[in-house]
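Chain by chain, the residues:
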Amino acid sequence: MNKKKVLIVVDTMFVGGIEKAALRFQCGMDKDKFDFTYLVRLWPNGPLEREAISNGATVIHFPSSERGLTDEIKYYKKLFNKEKYDIVHCHSTFYNGIILWVAYKCGINKRISHAHMTRDISKSLIKRGKDRLYSFVMQRFLCRYATDLLACSTVAGEALYGKRNFRKRGIMINNPVEVNKYYFDEAVRKLVRDKMKILDSTLVWGHVGRLNKIKNHMFLIDLFARWRNSHTNSVLILVGDGPEKTKLKEKVNSLGLNDYVFFMGNRDDVNILLMAMDIFVFPSMHEGFPISLIEAQIVKLPCLVSDTVTYEAKLNDNVSYASLNAPYEEWIEKIEHLLTYDRNSIDISKIKSRFGINSVGCVLEEIYLKNLE
C-alpha cells in the first residue's frame, strides 16, 4: 500500500490544546501508511514544530507576505495542485471552510474539518453578532465541502457546524493524551515539591492553560485571594504563557500574592507539575474539550470546573462544576468538598482506553481511509 499524503492545517505550533491534539493524533498513527505535512497558517516556529519533525513529519509555513483572502486562495490552489495530497485535515475553526473549498476544487478526495472550540461568550454583543454572520456563511462552506465533520465534543461540533448538521453527519473523536506520562507517582510528587520548596503541609492549587482572557485567570486569582483569607497555607501554580501575563502579574502584585502565585511559563514537564498539585481549578469562559483537564484527571486530581466547559469532560467522580455567576463562597465550598476525596481511590482505566494516543490514532486512521480511493 502506498503511503497516503496528509496535510494537517493548524494556525500555530505553539503549546496550546489544539496544536497538542493535532500532534498527538499524528503520533498515534501508522507512519507506514501516511506521510504527514503540517501547514502553519499564522505564527511560525512554535516549539511543537520540532516535535512534529522528530516524529517524521514535514512542516511548511504560509508565506507572511500573502495575507489577503485572494492571495491565500491562490497559495492553497498552487500547493494542492503541486503536492497532490490525498487528505487535508484542518484544525483552523471556521477558516476550514475556505481551505476545504479549495481542496474540493483541486480534486482532493478526503477533506476533514475538526472542531475544537465552543462559542466565545466573553465577546461583546456586536462581535458576537458578526461571529454569527460569519459562522452562517462558513457553516455552509464546511458542510458542503468537507467530507468529514469531526469534533472533540458535542458542544464544539454544534458550535462549528450547527446542531442539525452535526447530529446528521458529525463524528465525535476524543483528543488523544499521552496517558502513561500522567500516572500519579507519590515519589515524583515529593521530588517536584521539594525542588519548588513547597512544604508537605502546603495546599497547592493548579491551572494549566494559555494566559488569555478565555481561560479566565483574573477570576481564578480573585478566587484564590478569597481562599487564602481562611486557608493561608496555600499557593497557586499557573502553567502556561500568553498575552495576559503582564496584567495577571500586576493583579497578583496588587493583591499582595507575589510569594504565593507561581508563573511557570510554557513547560514540557506538565505531567510532573500536575502531580505536585492538590486541586485543579479551571474557570474557563468557554472550551471545546480541554486536554489539560483530561490530563489532570489522569493524575487523579480533584477538579473544579466552570459550567461553561462541556460536561463530557467529566471522566472521574472527583470533578465538579460551578457557575461563573455563582459567588466565590460557592466555589470555595466545592473546593473544600473536593479535597475530601481519596486521590488513590480514583479509577482511570476508562480514560486510558478512551484517550490513549494509539487508541485514538486507530480511530482516526479508519476515518482517513474510509471511502478513500
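Computed from a prediction, not measured in an experiment: that's the story for all the values here. (Residues numbered from 1 in each chain as written. Predicted model: local features only at pLDDT ≥ 70, side-chain atom pairs only at ≥ 80, totals over all residues. Heavy atoms only, no water.)

Take the packing of helix 9 (residues 217–228) against helix 10 (residues 245–254) next. Following both chains from N to C, one finds helix 9 and helix 10 inclined at 15 degrees, their axes separated by 10 Å at the closest point. The pairing of helix 9 with helix 10 is recorded here as roughly parallel in orientation. For the pair helix 9 and helix 10, the crossing hand works out as right-handed. Residue-level inspection shows His 217, Met 218, Ile 221 and Asp 222 of helix 9 in contact with helix 10, the latter providing Lys 247, Leu 248, Lys 251 and Val 252. A per-class count over the contact of helix 9 with helix 10 returns four nonpolar, one polar and three charged. (Axes fitted to C-alpha atoms, helices over the stretch in contact; angles between N-to-C directions. Helix = DSSP H or I, 4+ residues; strand = E, 2+ residues; numbered from the N terminus. Parallel < 35°, antiparallel > 145°, perpendicular 65-115°, else oblique. Left-handed = near helix turned anticlockwise from the far one by under 90°. Contact = heavy atoms within 4.5 Å. Nonpolar A, V, L, I, M, F, W, Y, C, P; charged D, E, K, R; others polar.)

To continue, consider the pairing of strand 3 (residues 58–61). Across four bridges, strand 2 (residues 34–43) lies against strand 3 in parallel orientation. Residue pairing across strands places Val 40 opposite His 61, the latter belonging to strand 3. Following the chain from strand 2 across helix 2 (residues 48–54) to the adjacent parallel strand 3, one finds a crossover that is right-handed. (Pairing = 2+ DSSP bridges. Right-handed = clockwise from strand over helix to strand, strands pointing away.)

Attention shifts here to the sheet that holds strand 12 (residues 303–306). The six strands are arranged 10-9-8-11-12-13 in an open sheet whose pairing can be described as parallel. Each end of this open sheet is capped by a strand with a single partner; those strands are strand 10 (261–265) and strand 13 (319–322). For this sheet the average axis-to-axis angle between neighbouring strands, irrespective of direction, equals 25 degrees. Where strand 8 (residues 203–208) lies against strand 11 (residues 279–282), two bridges are found, and the strand directions are parallel. Opposite Trp 205, over in strand 11, you have Ile 279 as the bridge partner.

For the rest of this paragraph, the subject is the side chain of His 207. Here His 207 lies in strand 8. When its relative accessible area of 0% is taken as the criterion, His 207 is described as buried. (Buried < 20%, exposed > 50% of the residue type's maximum accessible area, 1.4 Å probe, protein only.)

A word on the nonpolar core. One finds Tyr 38, Phe 80, Val 88, Leu 274 and Phe 280 to be the most contacted residues of the largest nonpolar core, which totals 95 residues. Listed in part, the 26 residues of the second largest apolar core include Leu 223, Val 252, Val 281 and Tyr 328. (Core = buried A, V, L, I, M, F, W, Y, C linked by side-chain atoms within 4.5 Å.)

Turning our attention to the pattern of salt bridges. This model, assessed by the stated rule, comprises 19 salt bridges. A salt bridge links Glu 295 to Lys 20, with the nearest nitrogen and oxygen atoms 3.7 Å apart. Of this pair, Glu 295 sits in helix 12 (residues 291–298) while Lys 20 sits in helix 1 (residues 17–27); the two residues are 275 residues apart in sequence, bridging distant segments of the chain. Note on accessibility: Glu 295 and Lys 20 belong to one class, buried. For Asp 278, the salt bridge is made with Arg 193, and the minimal N-O distance between the two is 3.3 Å. Taken as a pair, Asp 278 in the loop between helix 11 (270–276) and strand 11 and Arg 193 in helix 8 (residues 186–195) lie far apart in primary sequence, 85 residues in all. The exposure classification of Asp 278 matches that of Arg 193, with both residues buried. One salt-bridge network, in which partners are shared between bridges, spans Lys 20, Arg 24, Glu 178, Lys 181 and Glu 295. (Salt bridge = Lys/Arg side-chain N within 4 Å of Asp/Glu carboxyl O.)

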